[in-house]
Amino acid sequence: MSLERLAPAVQAFLRAEIGAAQGREVSFVARPDANGRIVEAWVAARGTVDAVLALPGIAERGEMLLHNHPSGVLEPSGADLGVAARLHDGGVGFAIVDNAVTDCYVVVEIPRRRATTRLDPVDVAGLLAERGPVAQVMGAFEDRPSQRDMAAYIADVYNDGGVAVLEAGTGVGKSFAYLVPALVWARENGERTVISTNTINLQEQLVGKDLPVLGRALATGDHTPSFALLKGWRNYLCLARLEQARGAQDSMFDSDRAAELETLAAWASRTGDGSLADLADEPAAEVWDAVAAESDLCPRLACPHFEPCFLFQARRRAAEADVVVVNHHLLASDLAVRIASENWLEAAVLPPYRRLVLDEAHHLEDVAATHLGAHVSALGVQRLLARRDSAASAASRQVAGQSLVDALPVAGRAADTLFTLLGIHLDAAAGQGPVLRLTDAFAADPVWPQGLGVALENLLVSLNALRAGVETIADQLTVEDPADRKAQLTAELRGVVRRLDAAAQGLTAALQPPPGGPPAVRWLERRGKKGANLSLASVPLDLAPLLKENLFDRVATAVLTSATLAASGDFGFLEERLGLDLPPARVAVREVLASPFDFASQCLFGIPTDLPEPRDDESGHDAAVARVLLDLARAADGGIFVLFTSHSALRRAAAAVRDHIGGRWPLLVQGEGQRDQLLRRFRESGSAILLGTDSFWEGVDVPGRALRVLILAKLPFKVPTEPLTAARLERLEERGVNGFTRYLVPLAALKLKQGFGRLIRTRSDAGVVLLLDRRAVTKSYGAPILEGLPASPVIGSWDEIRRRCEDFFAERGIGAPAV
């Protein structure tokens, strides 16, 4: 770029600002006119005579970042070239001037915006028409107008950018509706889409069923659609760690676990993807811990197993795929890494992306909270301190001497003391159950002078000493002969340093957060079997601004969909929780796409009003649930789902009915078998009774006669004392907003809609839904909760509703004569 490309006023401005900085380096953002001439500039940062912040992200696509070299030598440095490459990927140019602005060297020009091929929404919808290419591949295909409408809406937001919020009722076929525009966009514009789901079931459906069908339907002579499933690191076997574990198995495992390790080694030689899902039998936790891929222990290119590495093979497939299927946890993990590293353009946990589809989007807030905060547990600290990789131990003795080895038991004792005191404190608050929220008042709790303060200080000092020792080892190994084994060991040691840092930061954030930080929710919790693992957490209270700025504003297109997004027909609750209502608003489409099913004829929905309320008379409500369950088992001959809101209520119901059903209707109880096995047995039986809690309220698909009765034991309100919920309620009350009606009620409405959706899965399904909580019709908040359901309730006594159910079954030939 010659100086003619700089308008005289801009030249004068640059010269004046550099002079005002006394010749030090200054960064400028410059904006060109339609002819490419720089006509406007402003200061972004000021530095020293040697360096200035490049501030990636301060310049927008189509602008240029300028800075001066006080030496007058305009040759770009290595750092300049690195910045220029990142800026270019973001559509930003980069140039260098001398202090007098008499010379200018352009490192990269402002990239021209690549021309895109717009999608024709009508043509995209037509691909899903009754005689379209998808129907031709599938053979049996139901024409779904709402599915085509959804595909057309999504095509529009691919063309114009923005956010689409689309609730798709049961039977719409939402996965085809978003996959078809994504695949066509990739074919026309060479740009990937990331699809994120909450459940494994949906991921497996997309990759194992939907995408292969659409790949065949949409293939052309010069393009075959491609897709990839990407999982979190710990889902994959690490060949290097497997090799290390086998070399040290005599000291790491007993004979049974060592045999498991050899079984894993044999499987590694024949597995296709090297992930846990490909294993017939899941190994013991301690065995998998020793061989699972770990991001912070991986030397990447320096690893001798890099080429055949299962994880990096999956990442290479994802980097080349038109559609990458992930889950919300992996998406949130990627987001946390990008926020921490300010990397919005290059690969992080996921490959870079500008098009995003969030299926089961109503879960995003809670999943993001687990990844954008700090978490540390007693078991995690124990595992960190107990790492006994033989090579690392040998390096410790060789390089650092005995001091590092001696520091380990000191840290271990400090950790034991800390978590023992925390456990005593939690147990003393017996009324709180297994979770205790840590508010600002915790800073003045007597537990601190009773030993918690000294224990925390000792542990933090010990962790810092360990960190320094391990880092010394890694530094010394780095300057020695960098053989493959040393590179692997060095990477592992650097990973241990990062984990020690994370543990210290998590302990500080949860127990003694520094003043003046952003609002956070902190809690202490017993987890695992019998509450053996004590954990601490600190997560941001206000996730909405974080998600808005770092996710939704960073992508060109975002599609949020689920069968439950609108509460009382309004998307405002979801948009507020996710920050989509914050300016500048980017929501371009809000639509509820109705289910094609005829719920009025396919479903009877009843709410008995003469059963005890669950809050006022728990034992009476338990007895009523058992009575209704047994009455309907006789009327429908089994085929019943009963969904509870707590494990304790589920166990009480199981105990109450177990002796009354004999062998006629198999009783399947969550916690007495794996979820998938329970569902398979339910489908195969045809007359079973399944009792489930939270994980069965959604993501369960049992079409056909096997499921003909759905009982919802209670309105699914969140527990208001749960730490995140309590803090969010308090925040709303501080703003003068009723937290019950603005937070708990909409959440209950969405959850109820999810549970209701388990019954009718196809046009031929028929059955009964019962809500055994009369508050839905006796309380003022009941109307908005019921408003979003696809069927109107029959309200009356249980005897009246039971007779209606029996008539419904008789008319449709459901069930068997009572005996």
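Computed from a predicted structure; not experimentally measured.

Student: Mind showing me how you'd approach the overall build of the protein here?
Tutor: Counting secondary structure elements, the protein contains 30 helices and 23 strands. Taking 819 residues into account, the globule formula puts the C-alpha radius of gyration at 28 Å, and the protein, at 30 Å, falls close to it. Along the first, second and third principal axes, the C-alpha atoms of the protein reach 95 × 70 × 60 Å. Scored against the burial criterion, the 819 residues of the protein give a buried share of 52%. Considering only intrachain contacts with a sequence separation of at least 6, the fraction spanning at least 24 residues in the protein is 75%. As presented, the protein carries roughly 36200 Å² of accessible surface, and 51% of it is formed by carbon and sulfur atoms.

Student: What is the right way to read the sheet that holds strand β3 (residues 64–68) from this model?
Tutor: Pairing between the strands of a sheet comes from backbone hydrogen bonds, and it takes one of two forms, parallel or antiparallel. Overall, mixed pairing links the five strands, which are arranged β2-β1-β3-β4-β5 in an open sheet. Edge positions in the open sheet fall to β2 (38–46) and β5 (104–108), since each of these has one partner strand only. Averaged over all pairs of adjacent strands, the angle between strand axes in this sheet comes to 25 degrees, irrespective of strand direction. Alignment of β3 against strand β4 (residues 93–97), held across five bridges, turns out to be parallel. If you follow L66 over to β4, its bridge partner there is A95.

Student: In this structure, what is going on with the sheet that holds strand β17 (residues 603–608)? I would like to understand it.
Tutor: Strands sit in the order β19-β20-β18-β21-β22-β17-β23 across an open sheet of seven strands; the sheet is parallel. The sheet is open, and its two edges are formed by β19 (667–669) and β23 (794–796), each paired on a single side. The average angle at which neighbouring strand axes cross in this sheet is 15 degrees, direction not considered. Note that strand β18 (residues 640–643) and strand β21 (residues 709–712) share four bridges and pair parallel. Residue pairing for β21: L643 is matched across the bridge by L712. Relative to the sheet, helix α30 (residues 798–811) contacts β17, β21, β22 (767–771) and β23, its axis offset from that of β17 by approximately 170 degrees.

Student: Before we go on, may I ask you to explain unusual backbone geometry in this structure?
Tutor: Keep in mind that most residues, glycine aside, have a negative phi and that most peptide bonds are trans. The step from P583 to P584 runs through a cis peptide bond, and the omega angle for that step is -5 degrees. When you line up the elements, P584 lands in the loop between α21 (572–578) and β16 (587–593). Despite not being glycine, Q22 has its phi angle at roughly 55 degrees, a positive value. Looking at the secondary structure, you find Q22 in the loop between α1 (8–20) and β1 (26–32). Phi is positive for E360, which is not a glycine, with a value near 55 degrees. Relative to the elements of secondary structure, E360 occurs in the loop between β10 (355–359) and α14 (364–371). A relative accessible area of 9% places E360 in the buried class.

Student: In this structure, what is going on with the packing of aromatic side chains? I would like to understand it.
Tutor: Remark: the centre distance and the inter-plane angle together describe each pair of aromatic rings, the angle taken between the planes. Tallied over the full model, the rule gives 14 aromatic pairs. Considering the side-chain rings of F605 and F756, the 5.2 Å spacing of their centres and the 90 degrees angle between planes classify their relative orientation as edge-to-face. Of this pair, F605 sits in strand β17 while F756 is found in helix α27 (residues 739–756), placing the two residues 151 residues apart along the sequence. For F756, a relative accessible area of 2% puts it in the buried group. Each member of the aromatic cluster is reached from another via a ring pair, and the members are F597, F599, F605 and F756. The side chain of R316 reaches across the aromatic face of F306, ending 5.4 Å from its centre.

Student: Is there a simple way to think about the packing of helix α8 (residues 239–247) against helix α10 (residues 255–268) in this case?
Tutor: The axes of two packed helices give the description: the angle between them and the distance between them. Where α8 contacts α10, the two axes come as close as 11 Å, and the packing angle between them is 145 degrees. The two elements α8 and α10 cross, and the hand of that crossing is left-handed. Together, L239, L242, A245 and R246 of α8 and L261, E262, A265 and A268 of α10 make up the contact between the two elements.

Student: Even after reading the chapter, I still don't get the pattern of salt bridges, so can you show me in this structure?
Tutor: If charged atoms from side chains of opposite charge come close, those side chains can pair. For the coordinates displayed, the defined rule picks out 51 salt bridges. The residue E734 makes a salt bridge to R731 at a minimum N-O spacing of 3.6 Å. One end of the pair is E734 and the other is R731, both in helix α26 (residues 723–734) and three residues apart, which spans about a single turn. Classification of E734 by relative accessible area gives exposed; the value is 64%. Judged by relative accessible area, R731 falls into the buried class, the value being 17%.

Student: Help me understand the environment of R355, please; the structure alone is not making it clear to me.
Tutor: You can see R355 is positioned in strand β10. Of the residues examined, R355 reaches a relative accessible area of 6% and is grouped as buried. For the pair R355 and V157, spaced 198 residues apart in sequence, the C-alpha to C-alpha distance is 9.7 Å. Not counting chain neighbours up to four residues away, the residues in contact with R355 comprise V157, Y158, W185, E191, R192, T193, V194, A556 and T557. A polar contact of 3.0 Å, which involves the side chain of R355, links it to the backbone oxygen of Y158.

Analysis parameters
- Residues numbered from 1 in each chain as written.
- Predicted model: local features only at pLDDT ≥ 70, side-chain atom pairs only at ≥ 80, totals over all residues.
- Heavy atoms only, no water.
- Helix = DSSP H or I, 4+ residues; strand = E, 2+ residues; numbered from the N terminus.
- Rg over C-alpha atoms; globule rule 2.2 N^0.38 Å.
- Buried < 20%, exposed > 50% of the residue type's maximum accessible area, 1.4 Å probe, protein only.
- Contact = heavy atoms within 4.5 Å.
- Areas by Shrake-Rupley, 256 points an atom, 1.4 Å probe, with all protein chains shown as cover.
- Pairing = 2+ DSSP bridges.
- Axes fitted to C-alpha atoms, helices over the stretch in contact; angles between N-to-C directions.
- Phe/Tyr/Trp six-rings, centres within 6.5 Å; stacked < 30°, edge-to-face > 60°.
- Lys NZ or Arg CZ within 6 Å of the ring centre and 35° of its normal.
- Left-handed = near helix turned anticlockwise from the far one by under 90°.
- Salt bridge = Lys/Arg side-chain N within 4 Å of Asp/Glu carboxyl O.
- Polar contact = N/O pair within 3.5 Å; in protein donor to acceptor, adjacent residues only side chain to side chain.

The analysis is restricted to geometry; functional conclusions fall outside its scope.
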